[in-house]
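# Reading the structure
Below, each chain spelled out in residue letters.
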Amino acid sequence: MVDENSESIDRIKLDDSWKQHLLPEFELDYMRDLRRFLRDEKTAGKVIFPAGANIFNALNATVFDQVKVVILGQDPYHGPGQAHGLCFSVQDGVAIPPSLRNIYKELAQDLGITPATSGNLQGWAQQGVLLLNAVLTVESGLAASHQKKGWERFTDRIVNLLNEKRDNLVFLLWGSYAQRKGAMIDRSRHLVLESVHPSPLSASRGFFGNHHFSQTNAYLIEHHKTPIDWRVTYKSEQ
């Protein structure tokens, strides 16, 4: 008899560098329940973002051994054409969301980088910046609709793996949600930088002027790693 669960695991589009660490998670009951939930939602005709091929884009764009920086977000954008699997990032041609505009403002203050006209952060991911949302899917038009379905446990495992198996990473924790999720990080092995969220509701209370980008690069250089080029220069090949 064919094991349908094994077949579904084999079809997951996940880079081997991550799959070797995360494969046991896919065999646990909570992930089976999550796959069943997503399948039932699609069967019911609901539109889910990002597209299936992009659900694990953060992991596929930044393979395990190349992660240098981790930025933790919460949920994918729930508007059409926005989400593509990287936190804070939107696809080419999509209006830049307010929080990302504020990230660009801080980049300008901190490093003198002219704010980009694109919101696509794939170029950061390709340099080793893991842009990880706590929840990897959402229903169209319904913010936070896939919270508490299992994704949080899965992404907690990702953070734990990086904490335990890598050294001298930089974790950028913006806002109380990210700070709670990063509470387990060993600060004797990694640099953890915290501030309020870049949302317009809070950015002026400590996100602007946090100098996280320059601090990140100084730490990477100190530990003999190539700093991040924070300019947003990624262009899709399409």
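Chains are numbered independently. Their residues run from 1 in the order of the written sequence. In keeping with the predicted nature of the model, local features appear solely for residues at pLDDT of at least 70, side-chain atom pairs appear and are counted solely at 80 or more, and the whole-chain, interface and lining totals rest on all residues. Heavy atoms from the whole structure form the basis of all side-chain values; hydrogens and water molecules are not counted.

## Focus: the overall build of the chain
Filter applied, for reference: Going along the chain from the N terminus, every DSSP run of H or I of four or more residues is numbered as a helix, and every run of E of two or more is numbered as a strand. The reference for a compact globule is 2.2 Å times residues^0.38; the radius of gyration itself is calculated from the C-alpha atoms. Throughout, a residue-residue contact means that at least one pair of heavy atoms, one from each residue, lies within 4.5 Å. Here the open area of atoms and residues is found with the Shrake-Rupley method and a 1.4 Å probe, where only the protein chains shown may cover a residue.
Broken down by element type, the chain carries nine helices and six strands. Its C-alpha radius of gyration of 18 Å places the chain within 12% of the 18 Å reference for a compact globule of 238 residues. Overall, the C-alpha framework of the chain stretches about 60 × 35 × 35 Å when taken along its three principal axes. Put simply, of all contacts in the chain between residues at least 6 apart along the chain, 67% involve residues at least 24 apart. If you sum the accessible surface of the chain, you get close to 11400 Å²; carbon and sulfur atoms cover 49% of it.

## Let's talk about unusual backbone geometry
Cis geometry is found at the peptide bond from Phe-49 to Pro-50, where omega equals -10 degrees. Residue position: Pro-50 is located in the loop between β1 (48-49) and α4 (57-61). Look at His-211: it is not a glycine, yet its phi comes out positive at around 55 degrees. Tracing the chain through its elements places His-211 in the loop between β6 (191-195) and α9 (212-222).

## Quick notes on the sheet that holds strand β2 (residues 69-73)
Convention followed: When DSSP finds two or more bridges between two strands, those strands count as paired. Note on geometry: axes are lines fitted to C-alpha atoms, helical ones only across the stretch in contact, with angles between N-to-C directions running from 0 to 180 degrees.
Sheet architecture is open: four strands sit in the order β3-β2-β5-β6, paired in parallel fashion. Because the sheet does not close on itself, it has two edges, and the strands there are β3 (129-133) and β6. Here the strands of the sheet are splayed against their neighbours by 20 degrees on average, with no regard to which way each runs. Here β2 pairs with strand β5 (residues 170-174) via three bridges, running parallel. Within β5, the residue paired with Val-69 across the bridge is Val-170. Set on the sheet, helix α7 (residues 151-165) makes contact with β2, β3 and β5; between it and β3 the angle comes to about 150 degrees.

## Description of the pairing of β5
Our working rule: Burial status follows relative accessibility: with a 1.4 Å probe on protein chains alone, a residue under 20% of its type maximum counts as buried, one over 50% as exposed, and anything between as partly exposed. Handedness of a crossover is defined as follows: orient the strands so they point away from the viewer, and if the path from the first strand over the helix to the second runs clockwise, the crossover is right-handed.
The buried count for β5 comes to five of five residues, which makes it a mostly enclosed element. After leaving β5, the chain enters helix α8 (residues 176-181) and then returns to the sheet as β6, a path that is right-handed.

## As for the packing of helix α5 (residues 98-111) against α9
The cut-off we apply is this: These descriptions rest on fixed angle ranges, namely under 35 degrees for roughly parallel, over 145 for roughly antiparallel, 65 to 115 for roughly perpendicular, and the rest for oblique. Residues are grouped as follows: nonpolar covers Ala, Val, Leu, Ile, Met, Phe, Trp, Tyr, Cys and Pro; charged covers Asp, Glu, Lys and Arg; every other residue, Gly included, is treated as polar.
With their axes 8 Å apart at the nearest point, α5 and α9 run at an angle of 60 degrees to one another. Here α5 lies oblique to α9, going by the angle between them. On α9, the residues touching Ile-103, Glu-106, Leu-107, Asp-110 and Leu-111 of α5 are His-212, Phe-213 and Ser-214. For the contact of α5 with α9, the per-class residue count stands at four nonpolar, two polar and two charged.

## Here we look at the pairing of β3
The buried count for β3 comes to five of five residues, which makes it a mostly enclosed element. Going residue by residue along β3, you find Val-129, Leu-131 and Asn-133 tucked away on one face and Leu-130 and Leu-132 tucked away on the opposite face as well. Two strands pair when backbone bridges link them, and β2 and β3 are joined in this way by five bridges, in the parallel orientation. Its bridge partner being in β3, Val-70 is matched across the sheet by Leu-130.

## Points about α9
Because an α-helix packs 3.6 residues into every turn, residues spaced three or four apart end up facing the same way. Here is the rule: For this quantity, the arc is that covered by the directions from the helix axis to the C-beta atoms.
All buried positions along α9 are accounted for by His-212, Phe-213, Thr-216, Asn-217, Tyr-219 and Leu-220. The arc that holds the buried residues of α9, viewed along the axis, is 160 degrees, so those residues lie on one side. Residues of α9 that are buried in the fold lie against β2, α5, α6 (122-126), β5 and β6. One or two residues past the end of α9 sits His-224, with phi positive at roughly 60 degrees.

## A closer look at the pattern of salt bridges
Condition: Each reported salt bridge corresponds to a side-chain nitrogen of Lys or Arg within 4 Å of a carboxyl oxygen of Asp or Glu.
Enumeration over the complete set of coordinates arrives at eight salt bridges. Between Arg-157 and Glu-25 there is a salt bridge, with its nearest N and O atoms 4.0 Å apart. On the criterion of sequence distance, the pair formed by Arg-157 in helix α7 and Glu-25 in helix α2 (residues 16-26) is long-range, its members being 132 residues apart. A salt bridge links Asp-29 to Arg-32, with the nearest nitrogen and oxygen atoms 3.0 Å apart. In this pair, Asp-29 and Arg-32 are both assigned in helix α3 (residues 29-43), three residues apart and thus about one turn of the helix distant. Taking the relative accessible area as the measure of exposure, Asp-29 reaches 54% and is therefore exposed.

## Thoughts on α3
Selection criterion: To estimate how far a helix should extend, the number of its residues minus one is multiplied by 1.5 Å.
For α3, which comprises 15 residues, the first-to-last C-alpha distance of 21 Å matches the rise-based estimate of 21 Å (1.5 Å per residue) to within 8%. Along α3, the positions that sit buried rather than exposed are Tyr-30, Met-31, Leu-34, Arg-35, Phe-37, Leu-38 and Glu-41. The arc that holds every buried residue of α3, seen down its axis, measures 155 degrees, which confines them to one face. Exposed and facing more than 90 degrees away from the buried side of α3 are Asp-29 and Thr-43. Just downstream of α3, Gly-45 is the residue with a positive phi angle, here 90 degrees.

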